[in-house]
Structures are given as structure tokens and as C-alpha cells.
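Here's the letter readout for the chains.
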Amino acid sequence: MTSTDTHDETQDSGPSGYAAARLRLLTEEARSGPPRRAALARLTDDWLTALFTAGTEQLRGASLIAVGGYGRGELSPRSDLDLLLLHDGSDPKAVAALADRLWYPVWDLGIALDHSVRTPAEARRTAGEDLKVQLGLLDARHIAGDLGLTAALRTTVLADWRNQAPKRLPELRELCAERAERHGELQYLLEPDLKEARGGLRDATVLRAVAASWLADAPREGLADARRRLLDVRDALHLTTGRATDRLALQEQDQVAAELGLLDADTLLRQVYEAARGIAYAGDVTWREVGRVLRSRAVRPRLRTLARERSGFLRRAVAGDGRALGGGKPGAERSPLAEGVVEQDGEAVLARAARPERDPVLPLRAAAAAAQAGLPLSLHAVRRLAATVRPLPTPWPAEAREQLVTLLGSGRPTVDVWEALEAEGLITRLLPDWERVRCRPQRNAVHLWTVDRHLIETAVRASAFTRRVHRPDLLLVAALLHDIGKGWPGDHSVAGETIVRDMAARIGFDRADAGVLATLVRHHLLLVETATRRDLDDPATVRAVADAVGTQGTLELLHALTEADALATGPAAWSSWRASLVTDLVERVSAVLAGDPLEEPEATAATAEQERLALEAIATGGPVLSLRAQTAPPTGPQTETPAGPEQAGGPEPLGVELLIAVPDQAGVLPAVAGVLALHRLTVRTAELRTLDLPEGVEGSVLLLDWRVAAEYGSLPQAARLRADLVRALDGTLNIADRLAERDAAYPRRRGVVPPPARVAVAPAASRLATVIEVRAQDAPGLLFRIGRALEDAEVRVRSAHVSTLGANAVDAFYVTGPEGTPLPGEEAAALAGKLEETLRA
């Protein structure tokens, strides 16, 4: 259908004709993107023009104006119509009749409408009072009626905007910051808001408004393409959902990707992230320029006399790196930062004598100098480097490697400088393997960042630990590259080991250092996974880690890398509890590497508290328990204090020690796990053993030494836990039914279907027991279901090590047969298969 056909059908058939033409346009496979948005805007213009002119008498002194997104001609399939009916105030009744003639057909078709009816004076006054109205009017576009009236309003609004820019731009920047705080950064979100998040369509519109103020202009390269890409994604989102939404939900990403002809949802997110990153970076550069111009204007009156004496006062001074200064002081002062790099007007720029074409190390030197000084790297400097610098030789010269390490060790300023280099493609030219992780999403709720940003965040965190290690250069480079294998198939640690060995040689590390870096990358998850999922008292656990690490120096580096990696992942990945377990493991492994022999663990003698509980359990014939809060002070060994409210500013809690003594009987593990689930307590570790009683005391007592934490709120009273445990053991409390009732009480939300549970036997993990590892979706009562299945299989559980990251639970259970020995291979495999079948049911 041609635009002429659309126009004729709209004119002939009225609203129904417009609806049919609109539907036909939106279902045309051959037309999408900017052509379809423009065609939809033209079609809507024609329809509204027909409605405007449908009266028997044409109203003079009135015009219909499109504002906002419609004014820009960016109509997505479900976009609302932003309209202003402008009139001169001479005939209010006729204007009211015209408004009814316009608005009601729009509402009748179910199209969202944002409308207003104002005189030019009212429109100008409202714009002066409401920044959002003023921004919308900057995109005002005439549709029908008195063209002169529209043109006069546009001229007035633009003049007001430019005159008021010194006051309104800071207000606009504050609004952008508040919006970013509410909606997050588009380039990192798994379910982003394409419009409101930082780097989204709203920010792209803001950059247009800043340019219209004539105070500063955004970097234009790539900005239009980034905006187009986000609009295309929003179009596809509207078409697949049938709703006017800007939120790219997880369950809709595959459909949106298919609508756009993309491979999969990850490809879609990567394109969204790339676009958002370009817009966000352009915003940073633009707002810095706005701040510089406003600061220069603030001091200009004091310098006016001096400035008039200079012949170049009316010219824009040109910086030595080719950058035009928007209103800055002529001959702005420069101070040296490094060879070829100077500070000017709050930025790191290239010195006048710099020759990038002859100095391949200059990009790294400039970046390191900027980060060390806490300064942004000038946009024009980066662009000049990208356009002229020669590639580094292989291997890199020592200075280049040192400058990279200096950049990575600069802390938080590293992030902005790295993003400036990446915006112009310099990072992938320095490190070609970076391309595979750039803007790569991580579909794990624990991770806050894309892969590449996580790597930079890890380096930032590692920079705080450089005084802890003997080779800070290896720590920082390992932090930067530890997840580089995520761009390749298979286990990213295995792939990363090979990649990093080659990259280290290219960067200029010798073979021994390259080997250490490869080991760090291969085993960067070893400490935290072992500490949280294995029995540290088992000699096989400590020996396996010592064999993998090899040396004290590598262990020291791996310990710091582990903490930096976890802190850079997100708050759910690190805690005092995890830190204490990792430190304990490191101390044990360090002792082995120092030559201390590993001895088989001996049965631990009961403490006075444990013996008291055991005797009370025998006397009462039922369970007895105690709760003790366990905390870690800022320095020194961990301490234990009675459970109770935490003191403000006191030690950070590691969890709560729950000691339970119960006469030995069947069903203890699932009963305890179920009761804790009912009371919303999360289990971190669980040890179970039969306690030796003093001579003369008959009976057998099972002792459970568990670490738990409240899911939220305060801890339950020990008396309530004991009462429910008694009922669970005698069968009067049906835990399965209670958990099912609680689950049914909460509405089920649509979301991604989690992968099925997997259960496996960990080979050679222990000589004392068989280790069954469970990976499943975390849910209330999961440990109860596992405990009941193990109880039904008639195996004994020595200990359980529970690790939860986001929605994923990875639990390890040390089990033996009735005789206390590891299970035979076939029996262990059968147990794992049966447990997996139970959890998938």
C-alpha cells in the first residue's frame, strides 16, 4: 500500500479507514524500523488533519501540533499520541467543539492520548513551570490549521529554552540522575526499561534538548544509530506483546529477537546494551561540557575587562588535541600528567607535542595518567588516538604492560577511563579477545553487570588488595581476565586458562608469570566453591586445593582474587560467613604447602554445652536445642555471643549456631530441615553425628550442629522451634502439607522456567564419605525434600554444605552407608539418580 493509498483510504473511510490502514501498515513484513515509524506518523497526520478540517466552518486562529515522540515522527505500534490544540482564545466554544471532534475518535480506537488545549501564552507559561512540558514542545511539529500560530510558538519556545538554559540544564541533569537512580542502567539490566533507564530513549531525547540550547552538543557519531536500534526493539516489543510497554521482560526476549531477525535473546540484549552504552557515554561527555561552559560563564563577568584586551575573545579557543572549547577561558592553563598527556579544564588531554602515530604506548599512558589523577579522558583525545595511533608490537614493551597495570590499579576512576577507550574501539584493538565478552549479558540474578563490566569492577575491587600480595601486577591482570572464557563454549574457566596464557605472553609476561595467571583464571572459583560446598575437616578437601594451587604465592593471589571477584559480582555473592570459610580453607591449605602433614580427623570431644544438651535429651526423651549468634569483629578471631538483636555498628553477623540434641531415631534430618523452612530460616551448614555419652548413661544421642540465618526479620524463639520439632518427629506436624499451603498462598508469577535439578556424585571428593552434589532451584523446603529422600534411601548424612547464589542452590551432602563407610560406586550412582528424579517430580 502506498502512502497515497493510505491517505485516500483515511480520507474516505474516517476512523475505521484509519484503523484498517494502520493495521495493514503494522503487519507489512517488508517495512519496519524508521520507514514504518515515519509512515505511521504520516498516516496519523492525515487522519488527524481530516478530523481537524471536517467541520462545516473552518476555525481560524487554531492549529493542531504533535509534540514529544509523535512530534519527532517516532511512532511505535502502541505509542500514545502527544497532541497540543493551540488557539488564539477568540472563540472558546468553537475550540471546545473542535477538541471533541479530535479527541473522541482517538479514544474510540483505543489509542492512548496525551492532549492539551492552550493559547500560546498558556503554553509558554506552562513550559516555564514544567520542564517536561518544555522538553516536549522542543519537538513541536505542525499537523493542521494555522501554520503561523505553530511557527510563532516554536520560535518562542526555542528562544525561551536558550535564554533559560543556564538555569534549566542543571535542573534537567538532576532529573536525569533521579531517573537513573529509580530505573538503573540500561546497559546492565536483564529486564531493562528501554525508555526510562539510563542510556535509554529518554536520555537520547535529553541530548537533543541540550543541543537545542546551543550551550553544548552531544557526540553525534553513533548516537542516531543507537537511538534507532532502541526504537526498533521497542517496536518489536509492542508487536509481540500487543501492549504499550517499554520494559523488555525476560519471557518476551526470545519473541522480540525473532521479530527482529536476531539469533537469540542474548544477541538482542547485547545490541540493546551496545546502544545504551553509546547513549550513556554521550551523555557523560555532554554533561561535562555543559558544566564547563556554565562554570566559565559564572566567572566571565570578573574576566570581562581582561578578555576584551585579547583579540581572540570572540573566537572559540582550540585545544592542542583538536577540541573546541565551548566558552572556556582563552589559552586555558595546562599542567603535565605524563609524557604526551596534560590536564586542561578538568580533563586529561593530549599535549601539543604528542605524536600518537609515533607512540603506540600513548593510549595506555594517557589512560593510566587520567585514572591516576581521577580525571576523565577527553573525548577528542580518545578519538585522535583511535584515528592515528599505531598498534603495539607483540610482545608489548615493558612500558605498555606497566601502564596497563597502573590503569587497573587506579581504583574507581578506572571505570570511566576504560569506558572512554572502549567507546572508540581502543580496548579491542589492544586486547582482541575482549570483543567476545564486550556487552555480553549474564543471565544470573547474582550478577549486577555484563561480563566486561564485571571484569573491570573486579579489577577495581582488586586494587584495594594490592598491599596484601607480593605480585600486585598479576592480581590486577588476573582480575581483568578471570572471566575472559565466558565468550567461548564450554567451561569458561577451562577456556579462559588457554586464552589467558596466550594473552599474557602477548602483553609481555614471561612464561612463569603467564603460568601463574593461567592457574588463577582456571581456579578462580576453587576457593569459594570448596569452602562452601565441601567438608574442610576432610583431608581430601585440603589436599585437592593444595595440589591445584601449587605454591604459597599463587594461593595468596587466589585468595585476593576470590574476594575481589565476589565483591564485584553483587551483594549475594559475598558475606562474612563466606569470607570466614574461605579464610579457614586458605589457612589449612597454606599449612599443607608449608609442609605440615595432613592427618585424618579424630572424633571431636563433646563440649560442655553439647554434653549438657545430650543429657537433657536423654532425660526428657525429646529434642533439646540452643541458639547462639555467631559474629565476626572487624579484626581478630570470630567471637560468639548470645543470640539477640544486633547492636548498631557492632560486628557483622556470620549466622546463628543451632545445636540440637535428640535421641537417635529415624527422620531427624528432614524433620529439622522442615521446621527450619517453616520458620523461614536458611541453612548454611549442617553436621550430624552420634555423640558418645558418659559412662553409665544409657541411650544414643544424635547431635546436629548447624549454622542458620533468618531469611528476613528476627530469629524465632528456641522454645517455638523445639515445640514444632517435637510435633514433626511424632508425626502430628505435617511439614509437607504446611509448606505446600504456604506456597499456594502466594500468587504465581510468570517468569522463566528454571532448568531441572541435577544430582551427581563428586568423584574423589572424600575418602571418608560419598559426596552427593545437588544443583537445583532454591525454594522453601528444598533441604526438607532432599533430607526425606536421603532418609528413605537409608543412608546416613555426616554433614551438609549449603550454598545459595540468587535463585540457585548448590548443596553437597557427605553420606555413608549404615556402617559409616562410603557407598559403593553403583549404589552411589543409583542414589544420585533417585534423588534427581525426586527433585524433578
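Residues numbered from 1 in each chain as written. Predicted model: local features only at pLDDT ≥ 70, side-chain atom pairs only at ≥ 80, totals over all residues. Heavy atoms only, no water.

Novice: What is the right way to read the overall build of the protein from this model?
Specialist: The secondary structure content of the protein amounts to 30 helices and 16 strands. A separation threshold of at least 6 residues defines the contact pool for the protein, and within that pool the share at least 24 residues apart is 70%. As displayed, the protein has an accessible area near 38,600 Å², and 50% of this comes from carbon and sulfur atoms. (Helix = DSSP H or I, 4+ residues; strand = E, 2+ residues; numbered from the N terminus. Contact = heavy atoms within 4.5 Å. Areas by Shrake-Rupley, 256 points an atom, 1.4 Å probe, with all protein chains shown as cover.)

Novice: Sorry, what's going on with the nonpolar core here?
Specialist: Nonpolar side chains in soluble globular proteins tend to end up buried together. Judged by nonpolar contacts, the single largest core of 93 residues is most densely connected at Leu377, Trp396, Trp418, Leu431 and Trp434. Discounting residues that sit within four places of it in the chain, Trp434 has contacts with Trp418, Glu422, Ile427, Thr428, Asp452, Leu455, Ile456, Leu480 and Ile484. Within the second largest apolar cluster, 53 residues are counted, among which are Leu669, Ala671, Trp706 and Val795. (Core = buried A, V, L, I, M, F, W, Y, C linked by side-chain atoms within 4.5 Å. Buried < 20%, exposed > 50% of the residue type's maximum accessible area, 1.4 Å probe, protein only.)

Novice: What's the story with the pattern of salt bridges in this structure? I'm lost.
Specialist: With the rule as written, the count across this model stands at 58 salt bridges. Arg228 is the salt-bridge partner of Asp225, the closest N and O atoms lying 2.8 Å from each other. Taken together, the residues span about one helical turn, with Asp225 and Arg228 both in helix H9 (residues 223-241) at a distance of three residues. In this structure Asp225 comes out as partly exposed when scored by relative accessible area, which is 34%. According to the relative accessible area criterion, Arg228 is partly exposed, its value standing at 29%. (Salt bridge = Lys/Arg side-chain N within 4 Å of Asp/Glu carboxyl O.)

Novice: Would you mind going over helix H15 (residues 413-423) with me for this structure?
Specialist: Residues spaced three or four apart along an α-helix point in a common direction, a consequence of the helix completing one turn every 3.6 residues. The buried fraction of H15 is high, at eight of 11 residues. Among the residues of H15, Thr414, Val415, Val417, Trp418, Glu419, Ala420, Leu421 and Glu422 are the ones counted as buried. Trailing H15 by a residue or two, Gly425 shows a phi angle of about 80°, which is positive.

Novice: Explanation requested: the environment of Thr245 in the structure shown.
Specialist: By secondary structure assignment, the location of Thr245 is in the loop between H9 and helix H10 (253-259). The exposure class assigned to Thr245 is buried, which follows from its relative accessible area of 14%. Each C-alpha atom, one on Thr245 and one on Lys195, is 9.4 Å from the other, the two residues being 50 residues apart in sequence. Contact partners of Thr245, with chain neighbours within four places excluded, come to Arg234, Leu237 and His238. Only 3.2 Å separates the side chain of Thr245 from the backbone nitrogen of Arg247, close enough to count as a polar contact. (Polar contact = N/O pair within 3.5 Å; in protein donor to acceptor, adjacent residues only side chain to side chain.)

Novice: What's the story with the packing of aromatic side chains in this structure? I'm lost.
Specialist: Any two aromatic rings considered together are summarised by their centre-to-centre distance and by the angle between their planes. All told, the structure shown has four aromatic pairs when counted by the stated rule. Considering the side-chain rings of Tyr104 and Trp107, the 5.2 Å spacing of their centres and the 90° angle between planes classify their relative orientation as edge-to-face. You can see Tyr104 and its partner Trp107 sitting in helix H4 (residues 92-108), three residues apart, about one turn around the helix. The aromatic ring of Phe509 is capped on one face by Arg401, whose charged end is 5.5 Å from the ring centroid. For Arg453, the ring lying beneath its charged end belongs to Trp449, and the centroid distance is 4.2 Å. (Phe/Tyr/Trp six-rings, centres within 6.5 Å; stacked < 30°, edge-to-face > 60°. Lys NZ or Arg CZ within 6 Å of the ring centre and 35° of its normal.)

Novice: Looking at this model, I keep getting lost on the sheet that holds strand E7 (residues 347-350). Mind explaining?
Specialist: Consider a sheet: its strands pair through backbone hydrogen bonds, and that pairing is either parallel or antiparallel. Pairing within the open sheet is antiparallel, and its three strands lie in the order E5-E6-E7. This sheet does not close on itself; its edge strands, each paired only once, are strand E5 (334-338) and E7. Taking the axes of each pair of neighbouring strands and ignoring which way they run, one obtains an average angle of 40° across the sheet. (Pairing = 2+ DSSP bridges. Axes fitted to C-alpha atoms, helices over the stretch in contact; angles between N-to-C directions.)

Novice: Explain the confidence of the model for the protein to me, please; I cannot follow it from the model alone.
Specialist: Any segment with low pLDDT has predicted coordinates that should not be analysed in fine detail. Per-residue confidence for the protein averages 86 on the pLDDT scale, and 88% of its residues sit at or above 70. A low-confidence stretch, residues 309-330 stays under pLDDT 50, and its non-local contacts, those more than four residues away or across chains, total 40 contacts. In this model, residues 633-652 is a region of pLDDT below 50 whose contacts with residues beyond four sequence positions or in other chains number 27 contacts. (pLDDT = per-residue confidence, 0-100.)

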